[in-house]
Structure formats: structure tokens, C-alpha cells
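A look at the structure
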Amino acid sequence: MRHRYNWNDITYFLAVARERSLVRAAEKLRVDHTTVSRRIRELETRLNASLFTRSKTGFKLTETGYRLLRYAEGMEAQANAIAEEIGITGADASGSVRIATMEGLGSFYLTQCLPDLRSRHPSIQIDLITDSLLLDLSRREADLFVTFSKPTGRRLSIRKIGEFKVSLFAARDYLDRQGMPTSIAALNDHVFIDFIDELVQVSENRWLSDIFRPHHLAFRSTSLVAQYMSVCNGLGIAMLPSFIAAGNRDLVPILPKLFAVRDIWLSAHEDFLHVARIKAVMAFLESRVNQDKDLLMPGVAPGTP
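A few points on the structure. (Residues numbered from 1 in each chain as written. Predicted model: local features only at pLDDT ≥ 70, side-chain atom pairs only at ≥ 80, totals over all residues. Heavy atoms only, no water.)

With that settled, the discussion passes to the overall build of the protein chain. A count of helices and strands for the protein chain gives 11 helices and 10 strands. C-alpha extents for the protein chain along the principal axes are approximately 80 × 40 × 35 Å. For the protein chain, the residues scored as buried account for 48% of the 305 residues in total. The contacts of the protein chain with a sequence gap of at least 6 include a subset with a gap of at least 24, amounting to 76%. Of the roughly 16000 Å² of accessible surface on the protein chain, a fraction of 50% belongs to carbon and sulfur atoms. Within the protein chain, the 35 negative side-chain charges are centred at a point lying 5 Å from the centre of the 39 positive side-chain charges. (Helix = DSSP H or I, 4+ residues; strand = E, 2+ residues; numbered from the N terminus. Buried < 20%, exposed > 50% of the residue type's maximum accessible area, 1.4 Å probe, protein only. Contact = heavy atoms within 4.5 Å. Areas by Shrake-Rupley, 256 points an atom, 1.4 Å probe, with all protein chains shown as cover. Lys, Arg positive; Asp, Glu negative; His and termini not counted. Charge placed at Lys NZ, Arg CZ, Asp CG, Glu CD.)

With that out of the way, let us pick up the packing of aromatic side chains. For the structure on display, the rule yields 10 aromatic pairs. When the ring of F164 is compared with that of W207, the centres are 6.4 Å apart and the planes differ by 85°; the resulting orientation is edge-to-face. In this pair, F164 sits in strand β6 (residues 156–171) while W207 sits in the loop between β7 (192–194) and α7 (208–211), placing the two residues 43 residues apart along the sequence. With 5.4 Å between their ring centres and 35° between their planes, F192 and F212 make a pair best called tilted. Residue F192 is found in strand β7, and its partner F212 is found in the loop between α7 and β8 (217–220); the two are separated by 20 residues along the sequence. The two residues F192 and F212 agree in class, both being buried. Counting every residue linked through ring pairs, the aromatic cluster contains Y109, F148, F164, F195, W207 and F243. (Phe/Tyr/Trp six-rings, centres within 6.5 Å; stacked < 30°, edge-to-face > 60°.)

No statement about biological role is implied by the geometric values presented.
Given below as C-alpha cells:
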């Protein structure tokens with residue numbers, strides 16, 4: 001059977017689509033970057049289509065490239081399935097996986113998980129993007145979303161994989177100066193740190209208003225990292241996720257019975273659920289979140305609303 005194109009060129013196409021760079025794709029394939037460039041040009045010539053737009057920032061898929069990607073990854077999945085079916089070893093998950101998430105969840109929690117993921121899947125590279133609102137899974141701008149707001153979109157596989165607790169914390173230095181509040185009424189005498197309400201794009205970020213509406217605000221920011229740093233420096237009281245506060249012994253919980261709970265959602269486009277590296281990362285994240293229940297929901301009994 002003769003084909004209009006060389007099947008082997010699909011491997012080069014996949015590498016460039018994932019790495020967005022000839023040099024990085026060549027490193028993954030262990031060939032010279034000129035070879036990758038030549039094979040991509042030949043594939044485009046054979047298909048009579050432009051598969052990438054090229055710029056100083058790298059290679060980006062065209063509309064035709066996105067359509068080809070779906071079939072190319074299907075071909076890869078079938079090739080891996082053949083290897084697994086007849087017992088060939090070494091058909092492990094490999095390549096880059098781009099995860100889009102919120103700043104705090106990515107910086108303070110997912111980065112803690114990466115060494116474990118690396119030890120299990122050393123051939124997988126993680127690209128972490130902490131501005132998920134600007135990305136579109138359907139256009140391959142990210143492979144996975146890990147969020148605490150439930151995503152919406154066509155043909156997305158969405159599942160809840162866990163929860164985390166958000167509660168009040170302050171630095172010891174602040175409490176030494178201002179005293180420890182022992183009631184909700186006493187909170188009115190303290191200053192708080194929060195998000196800029198009019199710039200909140202994800203309603204689930206409004207967790208402070210779930211339990212209390214402060215009279216006095218010392219600092220507001222769109223950045224949870226900036227809020228965390230301001231709490232650490234004794235500026236005021238803030239609502240922080242458990243996985244952020246857990247690593248800092250200088251932060252003291254305040255009125256621990258007051259807390260909010262947020263869900264953790266894991267999402268991927270249906271077209272990529274069969275891809276080995278994406279399946280591997282999804283399975284790892286679901287297992288790890290379940291394993292970290294005591295970190296994510298400390299002091300909360302199962303089933304507590």
C-alpha cells in the first residue's frame with residue numbers, strides 16, 4: 001500500500017507540536033535539528049498544507065496542524081497499544097505535558113508533587129502555566145487543567161479529584177502586636193488581606209466572604225503569592241489554602257472552626273485521553289491528591305460540608 005506521505009514523518013510532527021521548537025524536538029528525537037526541519041517541510045509538501053506558523057517565539061500549530069494532531073496522537077496511541085499487547089517493554093509515557101492552573105495551586109502544591117512524578121515517569125516533561133483563564137484546552141494551548149472552579153467547554157473530560165481547606169492565618173509577629181482574636185466579633189478589630197474584588201475572574205476566589213466581611217483591609221492583590229508574602233511579613237490576616245500555610249510554622253491558624261472548602265477539578269480534552277503521557281499524569285495527580293488528604297483537608301472529617 002502506498003501513501004501520499006511518509007508515516008515516520010508523523011513522529012517529527014508530534015515532537016515539534018509538543019516542544020514548539022526544532023532544537024528541543026531534535027533533542028527528544030536524538031537527531032540534528034536540520035533533519036527535523038527537513039522532515040517537517042517534506043510532510044507539509046506531501047500533504048500540501050502548512051502545519052505550523054513560525055516565529056521568534058517558536059512553532060505554533062495552524063488550523064490544519066490541529067486537525068492533524070488529533071490523528072497523529074491517535075496513531076501514536078495505537079502504536080503504543082501494539083507494543084503493550086505483544087509485550088514489548090520500553091513503551092513508556094514520554095514527552096511534554098502542559099498543565100494550566102491557578103497561581104497558588106500551581107506554585108505551592110503542584111510543584112511539591114513534581115519530584116514524585118519525575119521519579120515515576122522520568123521521560124515526561126511538565127510545563128506549568130499559572131494563568132488558566134487565558135488558555136483553551138480545545139486548541140491545544142494546554143493539555144490539562146487543574147483548577148478549583150469547574151471548567152466549561154465542549155468535549156472536555158472533567159472530574160473532581162479532591163478538595164482543599166481555606167482558613168484564616170496570621171504571622172506570629174502580627175499577633176504579638178495586635179493580639180489573637182478569639183471570636184468572630186473580635187475580627188472587626190483586625191486588618192485583612194484579600195483579593196481585589198472587582199478584578200476577581202473566578203468567583204471561587206472570594207473565599208473570605210464565605211465566612212466574614214472585614215471592616216478593615218490593609219492590602220489587596222490579584223496574586224495569592226503576594227497575599228501569602230504579605231501575611232508572612234505581618235501585614236494582616238488572610239484566608240489561605242491549607243497547602244500554602246502548612247509549610248510555614250510562623251503562620252498561626254485563627255478561629256480554626258471558620259473555614260471554606262474548594263473542589264479540585266482535573267480536566268482534559270476528550271481527544272487526548274488516550275495519549276500515554278497525559279493518561280500517566282492524570283492518573284498520578286488523582287492518586288497524589290487522594291494521598292494528600294491530610295495536607296489538603298487538615299482536621300476535617302470525611303463528609304463534612
